[in-house]
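Single-letter residue listing:
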Amino acid sequence: MDFAFSDAERQFAESLRRYAQQRLRPEYAQWDRGMPYPRERVRELAGLGITGLRVPARYGGAEASYVMGGIAAEELARGDYNVTLFLQLSMIAGDILSTYASAAVQEEWLPAMASGERIIAFGLTEPGAGSDAAALTTTATRDGDEYVVSGEKASITFAGMADGCIVFARMGGGGARGIGAVMVPLDDPGVTRRVYRSTGERLSQRGSLVFDGVRVPTGNRIGDERGGFVQAMTAFDYNRAVIALCCVGAAQQSLDETVEYAKQRHTFGKPIAKHEGVSFQIAEHLTMVAAARLLAYQCLALRDRGLPHTKEAAMAKWLGPKVCAEAIHSCILLHGWMGYDQDLPHEQRLRDVIGLEIGDGTPEIMKAIIARETFGREFAAYK
C-alpha cells in the first residue's frame, strides 16, 4: 500500500493550488451573482491541462490518470468549486468519445474540448427520469442516414453554455438495454435551452435542453444502439469519487480559514480556538473530511488499476458531500454572524456542495448501490 503521491502528482497539485488561490478564489463570488463565465477562462483552464485530462494525446490531451483527475478536483475546488465542473464533464466526455465514438466525431469534438474552444454537456437526466435513469423517454429514431432526436433533458450542467451534448436516448426498445447515445450539436435547429434559478452552482448555467425533432447524422451515434446506459454508469463509477474530492477541497479550504479565524477571534478573554466547543468541532470535521478524501482516492486508484470500484465510488459519493456539507455548515456557525454574510465564502460553498449531494446519484441511491454490491443483485431493491 502506498498513500503518497508521486513527484509529478505533487507538482501538479502544487501548481493547481497556486492557481486556485491566486486566480480562482478572488473571483469565486462574482460568478455566483450573475456574471457569465468568460470563454477565455475556459481556455485558460485548458492551458493547465484541465479540459484535456482524459483526452488522448493525438487529440491534444494529457491521457492522465484518474488519480490526477481527483487531484485536480480537490485543488481547484479550494479556489472555486464550480470550476471543477469543467473538469468533471470533460473527463466524462473524453472517456466516452475516445472509447466509443467514430473517428470523425472524435476529430471534430475532442481537440476543441481539450483546447477549451468547445464545452460538451452530458444529457442523461430527464424530468421523469433521475434516480431511475433507465426510465428515460427521449428518443432517437432512425430515418435513413439520420437520427431524429426528440425529448427533454433536465438538470443539465452547462445547459446554458455548452456547444454539444452527449444525449442518451431510447433507440432499441424498453429498459436500460434499449438506450443508446448520440452527439448533438446544440446550435442545431430544434434545440432550445432554459437555465434554472439554482440555489448554487450558478456558474454552470444548469438547466433544461429540449430537442424537437433534431436531426443528426447516424455517424454521430456513440457506440451501439443498446450500449448507452452502460457508458453512463461506467462514467458515474469514477466521477462519483471525483465529486467527493471536489467537496473535500471546498470543505478543507473552509476548515483552514476557520482555524485561522479561531486563532484570532477572542471571547471571554481568550482565542476561541482554546474553547473545546470550537476546537473539538474542527477536530471532528477534519477527521471526517480526511476519511472522505482517502476513500475517494482509493476508488480512483482502483480505477487506474482496472479493478472493480462500483461500491467504493458509491461510498465516496455518499460520504464526501455529506461530511463536507456538515463541515462547511459548522464553519459558518463558528464565524457567527459574519459567517452568515456573503462577504465570506462559506455560505456559497455550502450552497454549491449540496447540489452534488444530488447530482450523479442521490444519497439514497448510493446506499442502495452499496447494499446491492454487498448482498448481491438478487437482494437489490431496485433493478
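I will try to describe carefully the structure that is included in this document. Because the structure is a prediction, the values reported are computed rather than measured. (Residues numbered from 1 in each chain as written. Predicted model: local features only at pLDDT ≥ 70, side-chain atom pairs only at ≥ 80, totals over all residues. Heavy atoms only, no water.)

**Some remarks on the overall build of the protein chain**
In terms of regular secondary structure, the protein chain is built from eleven helices and nine strands. Relative to the globule expectation of 21 Å for 383 residues, the C-alpha radius of gyration of the protein chain, 21 Å, shows essentially globular dimensions. C-alpha atoms of the protein chain, sized along the principal axes, occupy 80 × 50 × 40 Å. Scored against the burial criterion, the 383 residues of the protein chain give a buried share of 55%. Of the roughly 16,600 Å² of accessible surface on the protein chain, a fraction of 53% belongs to carbon and sulfur atoms. The average position of the 42 basic charges and that of the 47 acidic charges among the side chains of the protein chain differ by 3 Å. (Helix = DSSP H or I, 4+ residues; strand = E, 2+ residues; numbered from the N terminus. Rg over C-alpha atoms; globule rule 2.2 N^0.38 Å. Buried < 20%, exposed > 50% of the residue type's maximum accessible area, 1.4 Å probe, protein only. Areas by Shrake-Rupley, 256 points an atom, 1.4 Å probe, with all protein chains shown as cover. Lys, Arg positive; Asp, Glu negative; His and termini not counted. Charge placed at Lys NZ, Arg CZ, Asp CG, Glu CD.)

**Things to note about the side chain of Ser 330**
Locating Ser 330 in the fold gives a position in helix 9 (residues 310-334). With a relative accessible area of 11%, Ser 330 lands in the buried category. Leave out the neighbours within four places in its chain, and Ser 330 touches Gln 281 and His 285. (Contact = heavy atoms within 4.5 Å.)

**With respect to empty space enclosed by the protein**
If you walk through the whole model with that rule in mind, you get one cavity of 30 Å³ or more. What the largest cavity holds in volume is close to 80 Å³. In terms of lining, the largest cavity is formed by Val 42, Thr 51, Phe 86, Leu 89, Ser 90, Met 113, Arg 118, Ile 119, Ile 120 and Phe 158. A per-element tally of the lining of the largest cavity places helix 5 (residues 84-100) first, with three residues. Residue composition of the lining of the largest cavity, grouped by class: seven nonpolar, two polar and one charged. (1 Å grid on protein atoms, 1.4 Å probe; cavity = no way out; pocket = protein on both sides within 12 Å on 5 of 7 lines; lining within 4 Å. Points joined across faces, edges and corners; volume = space filled by probe spheres on them. Nonpolar A, V, L, I, M, F, W, Y, C, P; charged D, E, K, R; others polar.)

**Some words on the layout of surface pockets**
Volume-wise, the second largest pocket comes out at about 510 Å³. As for the second largest pocket, its lining consists of 14 residues, and the residues nearest its centre are Asp 2, Phe 3, Tyr 297, Gln 298 and Ala 301. For the lining of the second largest pocket, the element with the most residues is helix 8 (residues 276-304), which contributes six residues.

**Focus: the packing of helix 5 against helix 7 (residues 228-264)**
Angle between the axes and distance between the axes: these two values describe a pair of packed helices. One way to put it is that helix 5 packs onto helix 7 with a least axis distance of 10 Å and a crossing angle of 155°. One finds that helix 5 runs roughly antiparallel with respect to helix 7. Helix-helix and strand crossings are classified by hand; for helix 5 and helix 7 the assignment is right-handed. In contact with Thr 84, Gln 88, Met 91, Ile 92, Asp 95, Ile 96 and Tyr 100 of helix 5, helix 7 contributes Gln 231, Ala 235, Tyr 238, Asn 239, Val 242, Ile 243 and Cys 246. Taken together, the residues of the contact of helix 5 with helix 7 break down into nine nonpolar, four polar and one charged. (Axes fitted to C-alpha atoms, helices over the stretch in contact; angles between N-to-C directions. Parallel < 35°, antiparallel > 145°, perpendicular 65-115°, else oblique. Left-handed = near helix turned anticlockwise from the far one by under 90°.)

**Focus: the packing of helix 7 against helix 8**
One can describe the packing of helix 7 onto helix 8 by two numbers: an axis separation of 9 Å at closest approach and a directional angle of 155°. By the angle class used here, helix 7 and helix 8 are roughly antiparallel. Relative to helix 8, helix 7 is oriented so that their crossing is left-handed. Across the contact of helix 7 with helix 8, the residue classes break down as 19 nonpolar, four polar and three charged.

**Structural notes on the side chain of Asp 237**
In this fold, Asp 237 is placed in helix 7. Aside from chain neighbours lying at most four places away, what touches Asp 237 is Cys 299, Arg 303, His 309, Thr 310 and Ala 313.

**Some details on the nonpolar core**
Ranked by size, the top nonpolar core spans 119 residues in total, and within it Leu 97, Ile 166 and Phe 168 carry the most contacts. A per-element tally of this core places helix 7 first, with 18 residues. Discounting residues that sit within four places of it in the chain, Leu 97 has contacts with Val 105, Gln 106, Trp 109, Leu 110, Ile 120, Ile 166, Met 183 and Ile 222. Membership of the second largest hydrophobic core comes to five residues, among which are Ala 314, Ile 365, Met 366 and Ile 369. (Core = buried A, V, L, I, M, F, W, Y, C linked by side-chain atoms within 4.5 Å.)

**Points about helix 8**
Compared with an ideal rise of 1.5 Å per residue, which puts 29 residues at 42 Å, helix 8 spans 42 Å between its outermost C-alpha atoms and is within 8% of the ideal. Just downstream of helix 8 lies Gly 306, where phi reads positive at about 75°. (Expected span 1.5 Å × (residues − 1).)

**As for the environment of Pro 127**
Summarising the element assignment, Pro 127 is placed in the loop between strand 1 (120-123) and strand 2 (139-143). On the accessibility criterion, Pro 127 (58% relative accessible area) is exposed. Separated by 26 residues in sequence, Pro 127 and Lys 153 place their C-alpha atoms 7.0 Å apart. What Pro 127 contacts, discounting residues up to four positions off in sequence, is Glu 152 and Ala 154.

These results come straight from atomic positions and should not be treated as a statement about function.
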